[in-house]
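Structural characterization, general
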Amino acid sequence: MANALNPRQKEAVHYIAGPCLVLAGAGSGKTSVITRKIAYLIEECGFGARNIAAVTFTNKAAKEMKERVSKLVKGKASHGLTVSTFHNLGLNIIRREHKALGLKSGFSIFDAEDAKGLLKEIMLKHNDLESDSVDLVQSEISNFKSAMITPQQALNQADSVGELGVAQVFERYNQALQAYNAVDFDDLICLPVNLFLNSPETLGRWQHKLRYLLVDEYQDTNESQYQLVKQLVGGRGGLTVVGDDDQSIYAWRGARPENLSLLKQDFPTLHVVKLEQNYRSTARILRVANAVISHNPHEFTKTLWSDFGLGDPLRLIRCPNEDAEAERVATDILSQKMRHGLHFKDFAVLYRGNHQSRILELKLQQNQVPYAMSGGTSFFSRTEIKDIMAYLRLLINHDDDNAFLRIINTPRRQIGTSTLEALGRYATEREIGLLTACNEVGLQTVLPDQGLQRLREFASWLTRIRNNCAQNNPMNAIRGMIDDIDYEAWLFQNASSAKVAERRMQNIEFLLSNIENAISRDEEAEDNEAFVKNAIAKLLLMDLMERQEEEDDSDRVQLMTLHASKGLEFPRVFLMGMEEELLPHRNSIDDDNIEEERRLCYVGITRAQKNLTMTLSASRKQFGEKTETSMSRFIEEIPEEDLELEGFGQATQAQLETRAKETVNNIFDMFND
DNA sequence: AATCCTGGAGTTTTT
DNA sequence: CTCCAGGATT
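Let us look at the structure shown here. (Residues numbered from 1 in each chain as written. Chains lettered and ligands numbered in written order. Predicted model: local features only at pLDDT ≥ 70, side-chain atom pairs only at ≥ 80, totals over all residues. Heavy atoms only, no water.)

Of the regular secondary structure elements, chain A holds 30 helices and 17 strands. Here chain A has a C-alpha radius of gyration of 28 Å; the compact-globule value for 673 residues is 26 Å, and the two agree. Projected onto its principal axes, the C-alpha positions of chain A cover 85 × 75 × 55 Å. In chain A, the share of contacts with a sequence separation of at least 24, taken over all contacts with a separation of at least 6, comes to 77%. Surface exposure of chain A reaches about 31200 Å², of which carbon and sulfur atoms provide 48%. (Helix = DSSP H or I, 4+ residues; strand = E, 2+ residues; numbered from the N terminus. Rg over C-alpha atoms; globule rule 2.2 N^0.38 Å. Contact = heavy atoms within 4.5 Å. Areas by Shrake-Rupley, 256 points an atom, 1.4 Å probe, with all protein chains shown as cover.)

Okay, structure coming up:
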């Protein structure tokens, strides 16, 4: 990125008279604009760093932004600046205001898996919905929350039996969360919004603290996030949002790209700046990208251009089948690498769906091409991490029954289902948590001595750990806890090989060192318990995998979905599976969502700096059957002179086969007549 | 608790 | 076809 800002970028950075919308095309230096603007606000406009918040969607983006700001701003002037994800900002608000929200300190954060388990339990218990619709109900509840619809409203507006059922589950689910002293991911946004709606005094305090707000990837905000932004900004106009409606690819999970245009209505004095100069790609790649995206309707039209030369034409390679396609990509990478003296890490292969990576991986292995795949199971969904986190959660939140149930028999403590059921009944009747119930005298009457004794043993052991944690070094207490339960032995006992178990133990070690790190940097906590509480809460929102990946910057071809590629750039890019039903995806064709698919294609194209190769397969095995494919409609939208075709000359083997089949069928039909 | 069987789906995914 | 989850069976 050039050091000097171009005139448009300068305008975006220096405009502070009111709310400002920056329409930043792909590769137009939007992160620079945000970071420079933060520096400008601090150094030139007299804003205190602690009165500024910059909000992004991913931890990765937040981390990058933080680093760039601290390089830009001298000394300690950037101290106290908030650069975080929406969810982290919401968490901070909830942490400070937890009493007003009816939460006890040390409340748990349920991830999608925890939430799903809870929902399943509720639906099973009340038996009013088929339990195989858990996923559906979960996403509907998530939609309700991100649209700021309360259970009460959902009940009122339900106009079918099914909708009523979902609304009831929604209500019970929220009650259960409250009982467990827990919140889910969506709550991290919608609880603060509700609080601010009900308490102008609280909102006033936060407005006083946060006087300037910068929001990245604005096209990805949902309703609740937009409301939070509006509330915090109030009438003061201390707002800069950066976004690109052409890169909105998350509408399917509630993002509302129209929030970009709605901004004009909510802030009539909105100043709009367009960034159209691209610092990433060749003119040819941009021409193609512009051509494709111009087929979408636009509220704001942008035309990207760059100072770089025209560059290579795009190649479109048609292969007879998916094997050949993957093989071709693998060998092409090798030959390009040889010819141009490149590294493997200069290449990225992008595709629509995760399953497309399978064959490719195989072919890359066969050709000895090293690769790295992003995505996959995140750090916090690993069982060993979830186990230890559950221990920690229960340690700081007695009411977290989910955590209790997860670990009560992990490792084995010989507490059977009947014991747990009795405990559950007892706790529900009295509206107390399972752990609390363990210590109650009345429990004696409903439980056999043996089960009772084991439960009490567990509860008092945990109390010892907690006291140890509060009075001595919390990290030692946590390590002691893991030793006590002999978790390492449990891992070795359960893993398929010693290697796997060792890996898992290393993951735990990694988790612990991150907790230690979070504790040592915490400046707000007043006691050991608060240290641990803050650390756990912070970690839950952080994907530690990202850090691990960054440490491993070896020379590998990057494999990822188009979604995962947003925000990244690579010298040479392959775009696989340019076929109807794949890109655009079949479901999107059915649902008439072509525009988002086109944006996905646009995102893919604009990842490339120098060279772009698109491939497609003339036939594809799907669900066991071989089917003919047709070329993606997006290819038709590319100017012919920018494409170099390969594999379109003669009929492919697959076509010959189909033709033969057709002939046979025709003859068959003649006989049937 | 482990294993086998059966059925259903088979886009994208962060927090 | 292939992979998963969940239930049933041992």
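From this point, the narrative continues.
Residues D483, D484, D486, E488 and E502 make up a contiguous surface patch of negative charge. For E502, the position within the fold is in helix α23 (residues 498–521). You can call E502 partly exposed: its relative accessible area is 42%. (Patch = residues over 30% accessible without salt bridge, like charges linked within 9 Å, V, L, I, M, F, W, Y side chains within 5 Å. Salt bridge = Lys/Arg side-chain N within 4 Å of Asp/Glu carboxyl O. Lys, Arg positive; Asp, Glu negative; His and termini not counted. Charge placed at Lys NZ, Arg CZ, Asp CG, Glu CD. Buried < 20%, exposed > 50% of the residue type's maximum accessible area, 1.4 Å probe, protein only.)

What follows concerns the packing of aromatic side chains. All chains considered together, the criterion is met by ten aromatic pairs. Measuring from ring centre to ring centre gives 5.7 Å for F47 and Y212, while their planes differ by 85°; the resulting arrangement is edge-to-face. Taken together, the positions of F47 in the loop between α2 (30–43) and β2 (52–56) and Y212 in strand β6 (residues 212–215) put the pair 165 residues apart, joining distant regions of the chain. Accessibility expressed as a relative area gives 23% for F47, which makes it partly exposed. Connected via pairs of aromatic rings, a cluster forms that spans Y391, F404, F458 and W461. One Lys or Arg, K337, reaches over the ring of F344 and ends 4.5 Å from the middle of that ring. Lying over the aromatic face of Y426, R430 brings its terminal NZ or CZ to 3.7 Å of the ring centre. (Phe/Tyr/Trp six-rings, centres within 6.5 Å; stacked < 30°, edge-to-face > 60°. Lys NZ or Arg CZ within 6 Å of the ring centre and 35° of its normal.)

Another aspect to go through is the sheet that holds strand β12 (residues 557–561). Read from one edge to the other, the open sheet built from seven strands follows the order β11-β12-β10-β13-β14-β9-β17, with strand pairing classed as parallel. Two strands in the sheet have a free side with no partner beyond their single neighbour: β11 (371–373) and β17 (643–646). In this sheet, adjacent strand axes meet at a mean angle of 20° when their direction is disregarded. Looking at chain direction, strand β10 (residues 347–351) and strand β13 (residues 570–575) are connected through four bridges and run parallel. Looking across to β13, one finds that L350 is bridged to L575. Across the face of the sheet, helix α14 (residues 322–340) comes into contact with β9 (314–319), β10, β12, β13, β14 (608–617) and β17 while running at roughly 145° to β9. Relative to the sheet, helix α15 (residues 357–366) contacts β10, β11 and β12, its axis offset from that of β11 by approximately 160°. (Pairing = 2+ DSSP bridges. Axes fitted to C-alpha atoms, helices over the stretch in contact; angles between N-to-C directions.)

Moving on, we get to the nonpolar core. One finds L392, F404, L423, F458, I508, L511 and I515 to be the most contacted residues of the largest nonpolar core, which totals 58 residues. With near-sequence residues (within four places) excluded, I508 lies in contact with E384, I385, I388, I482, Y487 and L491. Residues L562, L575, C601 and I605 belong to the second largest nonpolar core, which totals 36 residues. (Core = buried A, V, L, I, M, F, W, Y, C linked by side-chain atoms within 4.5 Å.)

The full set close to DNA strand B counts 19 residues, and H87, R352, N354, R412 and T561 are the nearest of them. Among the atoms of DNA strand B close to the protein, meaning within 4 Å, 43% are from sugar or phosphate groups. The backbone of N354 places a nitrogen or oxygen atom 2.9 Å from a phosphate oxygen of DNA strand B. (Near = heavy atom within 4 Å. Polar contact = N/O pair within 3.5 Å; in protein donor to acceptor, adjacent residues only side chain to side chain.)

Our focus in this paragraph is the environment of Y173. Topologically, Y173 is positioned in helix α8 (residues 161–179). Note: C-alpha distance between Y173 and E121 (52 residues apart in sequence) is 9.6 Å. A distance of 2.7 Å separates the side chain of Y173 from the side chain of D184, its partner in a polar contact.

Read from one edge of the open sheet, six strands run β3-β2-β6-β7-β1-β8, paired in parallel fashion. Lying at the two open borders of the sheet, with one neighbouring strand each, are β3 (82–85) and β8 (271–275). Within the sheet, the average angular offset between the axes of one strand and its neighbour, ignoring direction, is 15°. In the packing of helix α1 (residues 7–14) onto the sheet, the strands contacted are β1 (20–24) and β8, and the crossing angle to β8 comes to about 145°.

Near DNA strand C the following residues occur: K120, R358, F623 and G624. K120 places a side-chain nitrogen or oxygen 3.2 Å from a phosphate oxygen of DNA strand C. Classifying every residue of the surface near DNA strand C by side-chain character gives one nonpolar, one polar and two charged. (Nonpolar A, V, L, I, M, F, W, Y, C, P; charged D, E, K, R; others polar.)

According to the stated counting rule, one finds zero disulfides in the structure shown. Lacking any disulfide linkage, C45 is separated from the closest cysteine sulfur, that of C20, by 13 Å. Classification of C45 as partly exposed rests on a relative accessible area of 24%. (Disulfide = S-S within 2.5 Å.)

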